[in-house]
Amino acid sequence: MTACVVWATVEAGVTSMDELARVGQGGSTVTGAQSREQEAAVSPVMLRTQPWTQLALLAAAVGVVATAHAFGADMLTPSALTGLGLIAVGALVMVILSRIRPREHTAWVAVVPLSGLVGIPLIRNEASELVDGIGFMMVFPLVWLGAAFPLATIAMGIVLAGAIPLAPAISAGRVPDAAPEWIAFGVFVAFAALIALSAFVTAHQLRREVSHRHAALAASREASDAQERLSAIFQAVSEATEDAVIVFDPHGRVLTANGSAHRLAKRAGVDLEGSSFSRGRWVYSADRRTPLLLSRDAIAELARRPGIRARIAWLGERDQVAVNYSAHPISHDDEPLGFVLIAHDVTDLVEAIEVRDRFLDSVSHELRTPLTVLMGETELAQMEDVSERVASRLDRVDQAAQRLFSTVEHLLSAYRKTVRALPQTTSVALTVGDVVEREASLARERDVRVRFADHGVGTASVDPRSLAAILDELLRNAVLYSPPGATVSIDTRRDQDRPVVEITDAGVGMSETERRRAFDRFYRTDFAREQALPGVGLGLSIAQSLAEGNDISIELEPAPRGGTRARVWLPPAMRSDEEAA
């Protein structure tokens, strides 16, 4: 009973716990002012100024007086009217206070429940013969005192409640001296103490529970506000950039996408509004014809490979645009939260590269053609029966033409690296085979055998021209530095899911200093200068620059049986790209 009355008392001054829980779970938005009101509502000040306990006591007192008067008791005596008046005046005061709602200096309100404990025995003296159990009305003021006032005030209430059975003797003007009277006093005091203290403990627990709910509500509100601010910042940043940004959850469902993403998705026939990411009807690989399997699984696979840079794709059925796209995982405390796909329109860049390549092809043709003619005519002249003096001059002309041809090749390669190449799925074995075929004439001239073995290298995500240029330079050096009759080995394989190309020569090898400086511009080893090998020291420098532009790494190390081994690490292609290839 005490707990029920205490709960009713707390309910009078605070929103219900169910409502607080619903608010804390996001059922409604609570403003700062409302939160402060709710936090104040559970304080003892608010419990002290609630009128409902005193009104309940007044209703009980009126009911007792009316019942006793109806059954013939004289309830219009000064004693009964005084008791009823004390309770009624207290109720009036509490109704006024509930309107004013004071926030401080409310300790004096204890006079109201204490006066109620004085009024109850005055009414009991006149109606106890007709209405039994009137003393139980003390529960109302005792619970109120226990729930809202300090222990000293509660002790005063307990004493007044214990005096209820002594009221007849006191009103008769005598000192209570009968044993039953003092026994009743002790019982009432014990009963009153149990009621008041249980109310005190219960109210304290309820206030603590509500306080915890408010703390959780405040933390939830702060987290929600922070999330809304971060969401607004992300939305503003994503809309401000020209890049397309799409955020996926761990299951591949689209969480958010900016305006650029929606425009590119519409061109590609990709549905971003559905429950999941569709592969798109008009998404093609770098050749503009092969459909690209840009599914959510492929994007997730790309996101799990942070070391792999962006890919190129073409979007659209007729008026196509080129995009450079990459995916990155999103996680917190090692928990995967999803991944983000970022795409950038590089149509202008791709078209500029194509224009540049056409220009370089034209320049290359104009420079190479006369040199080729010069070297060819020189070779034919050397085959004729000429004097030793003329043959010597022809040899010098041929060597000069060869050096000029090599220099032109290097300078054109150096210019090609100024614009970062766009990767595409490239067959490593086919590229290596083309390089071996191109360098076959040099190998025959130097009497060097080239052995090529493929061990399932598969495909890589690189620019095929850049890869061919890198391998050309490495194989040419391997052939030039190998003695006649030696064998240069080329092995292709996969190591840790990355394609690897190894070129091993049987030459004099390189010192640690030479390996460290091999990629410096215009650096040539002592052996190259002593043997007058053709070159200006640009080849490996250009190869290194091309490698950096394609996420390729080149390592030089001593070969097991002498010579030098060049190991080329390539970025792997996406699985979906490999399947399409």
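### Some remarks on the overall build of the chain
Piece 1. A count of helices and strands for the chain gives 22 helices and 13 strands.
Piece 2. Within the chain, buried positions represent 44% of all 581 residues.
Piece 3. Of all intrachain contacts in the chain linking residues separated by at least 6 positions in sequence, the fraction that spans at least 24 positions is 67%.
Piece 4. On the chain, roughly 30400 Å² of surface is accessible, and the fraction owed to carbon and sulfur atoms is 56%.

### Observations regarding the nonpolar core
Piece 1. With 40 residues, the main nonpolar core has Met75, Leu117, Ile123, Met138 and Leu142 as its most contacted residues.
Piece 2. Listed by contribution, the elements that provide at least two residues to this core are helix H5 (52-70), helix H6 (78-100), helix H7 (111-127), helix H8 (139-148), helix H9 (151-162) and helix H11 (179-240).
Piece 3. Excluding residues within four positions of it along the chain, Leu142 makes contact with Leu117, Gly157, Ile158, Ala161, Ala192, Ile195 and Ala196.
Piece 4. Core analysis: the second largest hydrophobic core is formed by 37 residues, Ala443, Leu471, Ala547 and Ala566 among them.

### Some points on the pattern of salt bridges
Piece 1. Throughout the structure, instances matching the rule amount to 13 salt bridges.
Piece 2. For Glu439, the salt bridge identified is with Arg476, shortest N-O distance 3.4 Å. In this pair, Glu439 sits in the loop between helix H16 (428-438) and helix H17 (440-446) while Arg476 sits in helix H18 (residues 464-481), placing the two residues 37 residues apart along the sequence.
Piece 3. What makes Glu439 buried here is its relative accessible area of 7%.
Piece 4. Relative accessible area serves as the criterion here: at 25%, Arg476 is assigned to the partly exposed category.
Piece 5. Notably, a salt bridge pairs Arg493 with Glu502, separated by 2.5 Å at the nearest N-O pair.
Piece 6. Within the structure, one salt-bridge network assembled from shared partners comprises Arg493, Asp495, Glu502, Glu555, Glu557, Arg565 and Arg567.

### A word on the sheet that holds strand E6 (residues 335-345)
Piece 1. The sheet built from 6 strands is open, its strands ordered E2-E1-E6-E5-E4-E3 with antiparallel pairing. This sheet does not close on itself; its edge strands, each paired only once, are strand E2 (254-257) and strand E3 (283-284).
Piece 2. The pairing of strand E1 (residues 244-248) with E6 spans 5 bridges and is classified as antiparallel. Looking at the pairing, Val247 lines up with Val340 of E6.
Piece 3. Where helix H12 (residues 259-268) meets the sheet, its contacts fall on E1, E2, E3, strand E4 (311-315), strand E5 (321-332) and E6, and the angle it forms with E1 comes to roughly 90°.
Piece 4. Strands in contact with helix H14 (residues 347-383) are E4, E5 and E6; relative to E5, the strand with the most contacts, it is inclined by about 130°.

### Focus: the packing of H5 against H7
Piece 1. Running from amino to carboxyl end, H5 crosses H7 at an angle of 10°, the nearest separation of the two axes being 11 Å. In terms of axis orientation, H5 runs roughly parallel to H7. Seen from H5, the contacting residues are Gln54, Leu57, Ala61, Val64, Val65 and Ala68; seen from H7, they are Val112, Gly116, Ile120, Ile123 and Ala127.
Piece 2. For the contact of H5 with H7, a count of residues per class yields 9 nonpolar, 2 polar and no charged.

### Notes on the environment of Val247
Piece 1. Within the secondary structure layout, Val247 lies in strand E1.
Piece 2. For the pair Val247 and Ala327, spaced 80 residues apart in the sequence, the C-alpha separation amounts to 9.7 Å.
Piece 3. Once residues lying within four places of it in the same chain are set aside, the contact partners of Val247 are Phe234, Arg253, Val254, Leu255, Thr256, Ile330, Phe339 and Val340.

### Some points on H5
Piece 1. Taking 1.5 Å of rise per residue, the 19 residues of H5 would be expected to cover 27 Å, and the 27 Å separating its terminal C-alpha atoms lies within 8% of that figure.
Piece 2. Taken as a whole, H5 has its buried residues at Thr53, Gln54, Leu57, Ala61, Val64, Val65 and Ala68. Buried positions in H5, seen along its axis, are confined to an arc of 105° and lie on one side of it. Exposed side chains of H5 directed beyond 90 degrees from the buried face belong to Trp52, Ala59 and Ala70.
Piece 3. In the stretch just after H5, Gly72 is the one whose phi turns positive, near 100°.

### Re the pairing of strand E11 (residues 498-504)
Piece 1. Among the 7 residues of E11, 6 are classified as buried, and the element is accordingly described as predominantly covered.
Piece 2. With 7 bridges joining them, strand E10 (residues 487-495) and E11 adopt antiparallel strand pairing. Paired with Thr492 across the bridge in E11 is Val501.
Piece 3. In sequence, E10 turns back onto E11 through a hairpin of 2 residues, with Gln496 there showing a positive phi of about 55°.
Piece 4. Note that E11 and strand E13 (residues 564-569) share 5 bridges and pair antiparallel. The residue bridging Val501 from the neighbouring strand is Val568, located in E13.

### Thoughts on the confidence of the model for the chain
Piece 1. Overall, the prediction assigns the chain a mean pLDDT of 78, with 80% of residues at 70 or greater.
Piece 2. Averaged pLDDT values for the elements of the chain fall to 40 in helix H2 (residues 17-24) and rise to 93 in E11.
Piece 3. Scored below 50 in pLDDT, residues 1-42 makes 61 contacts in the model with residues more than four places away or belonging to other chains.
Piece 4. Ignoring residues within four places in sequence, the model shows residues 576-581, a span with pLDDT below 50, making 11 contacts including any to other chains.

### Some details on unusual backbone geometry
Piece 1. Its identity is not glycine, yet Arg101 carries a phi of approximately 55°, on the positive side.
Piece 2. Taking the relative accessible area as the measure of exposure, Arg101 reaches 40% and is therefore partly exposed.

Procedures and definitions
- Residues numbered from 1 in each chain as written.
- Predicted model: local features only at pLDDT ≥ 70, side-chain atom pairs only at ≥ 80, totals over all residues.
- Heavy atoms only, no water.
- Helix = DSSP H or I, 4+ residues; strand = E, 2+ residues; numbered from the N terminus.
- Buried < 20%, exposed > 50% of the residue type's maximum accessible area, 1.4 Å probe, protein only.
- Contact = heavy atoms within 4.5 Å.
- Areas by Shrake-Rupley, 256 points an atom, 1.4 Å probe, with all protein chains shown as cover.
- Core = buried A, V, L, I, M, F, W, Y, C linked by side-chain atoms within 4.5 Å.
- Salt bridge = Lys/Arg side-chain N within 4 Å of Asp/Glu carboxyl O.
- Pairing = 2+ DSSP bridges.
- Axes fitted to C-alpha atoms, helices over the stretch in contact; angles between N-to-C directions.
- Parallel < 35°, antiparallel > 145°, perpendicular 65-115°, else oblique.
- Nonpolar A, V, L, I, M, F, W, Y, C, P; charged D, E, K, R; others polar.
- Expected span 1.5 Å × (residues − 1).
- Arc of directions from axis to C-beta.
- pLDDT = per-residue confidence, 0-100.

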